[in-house]
There are 2 protein chains.
Amino acid sequence: MENYEVVRLHVNFKTLEEFENFREYGQQELSMKEDLEGNIIENDSESPFYGVYFGNKLVGRMSLYKIDKKFDEYFDPKQDYYELWKLEVLPAYQGKGIGKNLVDFAKSLGLPVKTNARQRSDAFWEKMGFEPLSYVEERDRGENPYVWFPEGVSEQHSAK
Amino acid sequence: MENYEVVRLHVNFKTLEEFENFREYGQQELSMKEDLEGNIIENDSESPFYGVYFGNKLVGRMSLYKIDKKFDEYFDPKQDYYELWKLEVLPAYQGKGIGKNLVDFAKSLGLPVKTNARQRSDAFWEKMGFEPLSYVEERDRGENPYVWFPEGVSEQHSAK
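Quick look at the structure, then. As the structure is a prediction and not an experimental result, all values here were calculated from the model. (Residues numbered from 1 in each chain as written. Chains lettered and ligands numbered in written order. Predicted model: local features only at pLDDT ≥ 70, side-chain atom pairs only at ≥ 80, totals over all residues. Heavy atoms only, no water.)

### Considerations on the overall build of chain A
When helices and strands are counted, chain A shows five helices and nine strands. When its helices and strands are written in sequence order, chain A yields β-α-α-β-β-β-β-α-β-α-β-α-β-β. Taking 2.2 N^0.38 as the reference for a compact globule, 160 residues should give roughly 15 Å; the C-alpha atoms of chain A span a radius of gyration of 16 Å, in line with that estimate. With the principal axes as the frame, chain A shows a C-alpha extent of 45 × 40 × 25 Å. Taking all 160 residues of chain A together, 54% fall into the buried category. If you take every contact in chain A between residues at least 6 apart in sequence, the share linking residues at least 24 apart comes to 63%. (Helix = DSSP H or I, 4+ residues; strand = E, 2+ residues; numbered from the N terminus. Rg over C-alpha atoms; globule rule 2.2 N^0.38 Å. Buried < 20%, exposed > 50% of the residue type's maximum accessible area, 1.4 Å probe, protein only. Contact = heavy atoms within 4.5 Å.)

Right, dumping it as C-alpha cells:
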C-alpha cells in the first residue's frame, strides 16, 4: 500500500465542485457554498475536511470536528476528542489504502477519535483499530459508535 | 398506493432475526439481542422501532425516539419532538409507499419530527413534507437535518 498525502481542504469553488462527486453531500456542503457565494467566508477558507488528491482530482475525504472535553460522553478521563464523519473514497479509488491513510491522519493528531460506523462497515473500523462502544439509547440514538482509544484512555464508565 | 399498517415492534428473537435483513444494523440491534439473551429485558418488550409486515415478513422499519423539550435545539417554541432514524424498506418492497406510511405514522403522533437525510435522500424527504434546516456546525456535525413542522411550529432562531 502506498502512502497518500492527506491535506486540509480549503473552501473554494473547485473544492465545492469536487464535493458533488461524493455520496454524502448535503446541508453542510450547501451551507459552505452559500457562505462562499455570499462572501460570508473567504475563498480558500479552512474547512473541517481533509482529503487525498490523485493529480488534480479529490478522491477521498473525511471531516474532523474537535469536540470540547466538557461535552465528552465517551472517554475516560474526559477529554477533547475528534468526531470523524463523511469518510468516503470514490469507488474507482477504493482498495488502495486511501481510507486507511485518512484514518491514520486522524489518529496521528493525538486525541481519541469517535465515529459512527454506517451500513455494516464494522469490519473496516475494527481493522483501523477502532472498537465498538456499549450502546446507550439516550446518547447514541441509533448511531453505531466506534472509537479509537489512545494509550491510557478507556470508555467512560457512566456509559451503561 | 395502498395503506400498510404500521405496528410497534416488540423485542423478541423473531424480530431480531428480521433486523438482520436491514442494511443499517449495528450496536443498537446487538445491544437488544444481548439484553434479551441476558434476561435484562423480557421477550416481547417494547422497542423504539415501528414496522410494516408483508404476511410474516418485516419489510420496512424505522426507529422513533422522543426527545425532551429541554434538549430541543431545532423548534420554536421549544418542545418535545421525535427523532426518526433507520427508516428503511427492503429493496424488493420499495416503491409501494411503505416508506411514506411509516413517515405518515410518525407525523400523526402530534409532535415535530427531525431526521438526518442520508445519501442524497433529500428529494424523498421533501416529498414527505420535510424541510432542510440551516446547517449549524456545532449542532449538526455533518448531519443533514430535515424536519417536519406541525402547524404553528417554526425553526429555532438561535440556530444561525
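### A short note on the side chain of Glu83 of chain B
Relative to the helices and strands, Glu83 of chain B is located in strand β5 (residues 81–89). A distance of 3.2 Å separates a polar atom in the side chain of Glu83 of chain B from a polar atom in the side chain of Arg141 of chain A. Leaving out residues up to four positions away in the same chain, Glu83 of chain B has contacts with Arg141 of chain A together with Ser63, Leu64, Tyr65, Ile67 and Lys114 of chain B. (Polar contact = N/O pair within 3.5 Å; in protein donor to acceptor, adjacent residues only side chain to side chain.)

### Thoughts on the interface of chain A and chain B
With 33 residues of chain A at the interface, the matching set in chain B holds 33 residues. Carbon and sulfur atoms supply 42% of the area buried between chain A and chain B, which totals about 2800 Å² over both sides. Interface area lost by chain A to chain B is led by Gln27, Gln119 and Arg141 of chain A, which between them contribute 25%. Taken together, chain A and chain B are joined by two salt bridges. Where Arg141 of chain B meets Glu83 of chain A, a salt bridge forms, and the shortest distance between an N and an O atom there is 3.2 Å. Linking chain A with chain B are 18 residue pairs in polar contact (both at pLDDT 80 or more), by the criterion used here. For the side of chain A that touches chain B, the secondary structure elements donating two or more residues are α2 (27–37), β3 (57–67), β5 (81–89), α5 (137–140) and β8 (145–148) of chain A. In terms of residue class, the side of chain A that touches chain B is made up of 13 nonpolar, seven polar and 13 charged. (Buried area = accessible area lost by both parts, 1.4 Å probe. Salt bridge = Lys/Arg side-chain N within 4 Å of Asp/Glu carboxyl O. Nonpolar A, V, L, I, M, F, W, Y, C, P; charged D, E, K, R; others polar.)

### Brief notes about the packing of aromatic side chains
For the coordinates displayed, the defined rule picks out 22 aromatic pairs over all chains. Where Tyr74 of chain B meets Phe75 of chain B, the ring centres are 6.2 Å apart and the plane angle is 55°; that geometry is what we call tilted. Taken as a pair, Tyr74 of chain B and Phe75 of chain B share a single burial class, namely buried. Put simply, the rings of Tyr74, Phe75, Tyr81 and Phe149 of chain A touch in pairs and so form one group of aromatic residues. Cation over ring: Arg61 of chain A sits above Phe19 of chain A, and NZ or CZ is 4.7 Å from the ring centre. (Phe/Tyr/Trp six-rings, centres within 6.5 Å; stacked < 30°, edge-to-face > 60°. Lys NZ or Arg CZ within 6 Å of the ring centre and 35° of its normal.)

### Describing the sheet that holds strand β1 (residues 7–11) of chain A
Residues and elements named next belong to chain A. As summarised here, the arrangement of the seven strands in space is β1-β2-β3-β5-β6-β8-β7, forming an open sheet in which the pairing is mixed. This sheet does not close on itself; its edge strands, each paired only once, are β1 and β7 (131–132). As paired strands, β7 and β8 are joined by two bridges and run antiparallel to one another. Residue pairing in the sheet places Glu131 in a bridge with Val147 of β8. The strands touched by helix α3 (residues 98–107) within the sheet are β2 (45–54), β3, β5, β6 (113–116) and β8, with β3 carrying the most contacts at an inclination of about 25°. (Pairing = 2+ DSSP bridges. Axes fitted to C-alpha atoms, helices over the stretch in contact; angles between N-to-C directions.)

### As for helix α3 (residues 98–107) of chain B
Of all the residues in α3 of chain B, the buried ones are Ile98, Gly99, Asn101, Leu102, Val103 and Ala106 of chain B. Where α3 of chain B is buried, its residues contact β2 (45–54), β3 (57–67), β5, β6 (113–116) and α4 (122–127) of chain B.

### Some thoughts on the environment of Gly142 of chain A
By the element assignment, Gly142 of chain A lies in the loop between α5 and β8. With a relative accessible area of 16%, Gly142 of chain A lands in the buried category. For Gly142 of chain A and Tyr65 of chain A, which are 77 residues apart along the polypeptide, the C-alpha to C-alpha distance reads 20 Å. Leaving out residues up to four positions away in the same chain, Gly142 of chain A has contacts with Tyr135 of chain A together with Gln28, Trp85 and Lys86 of chain B.

### A look at the layout of surface pockets
If you roll a probe as big as a water molecule over the atoms, it shows you where there is empty space left. Empty space within the second largest pocket amounts to approximately 250 Å³. Lining the second largest pocket are 13 residues, with Glu137 of chain A together with Met32, Asp35, Ile41 and Pro48 of chain B positioned closest to its centre. Of all the elements in the fold, those that place two or more residues in the lining of the second largest pocket are β1 (7–11), α2 (27–37) and β2 of chain B. With four residues, the top contributor of residues to the lining of the second largest pocket is α2 of chain B. (1 Å grid on protein atoms, 1.4 Å probe; cavity = no way out; pocket = protein on both sides within 12 Å on 5 of 7 lines; lining within 4 Å. Points joined across faces, edges and corners; volume = space filled by probe spheres on them.)

### Section: the pattern of salt bridges
All names here are of chain B. A complete count under the given rule lists 22 salt bridges over all chains for this structure. Residue Glu29 is joined to Lys86 by a salt bridge in which the shortest nitrogen-to-oxygen separation is 2.9 Å. Here Glu29, found in helix α2, pairs with Lys86, found in strand β5; they are 57 residues apart in sequence, far enough to count as distant. A relative accessible area of 0% means that Glu29 is categorised as buried. You can call Lys86 buried: its relative accessible area is 11%. Among the salt bridges present, the one from Asp140 reaches Arg139, with a minimum N-O distance of 2.8 Å. Given the relative accessible area of 1%, Asp140 is considered buried.

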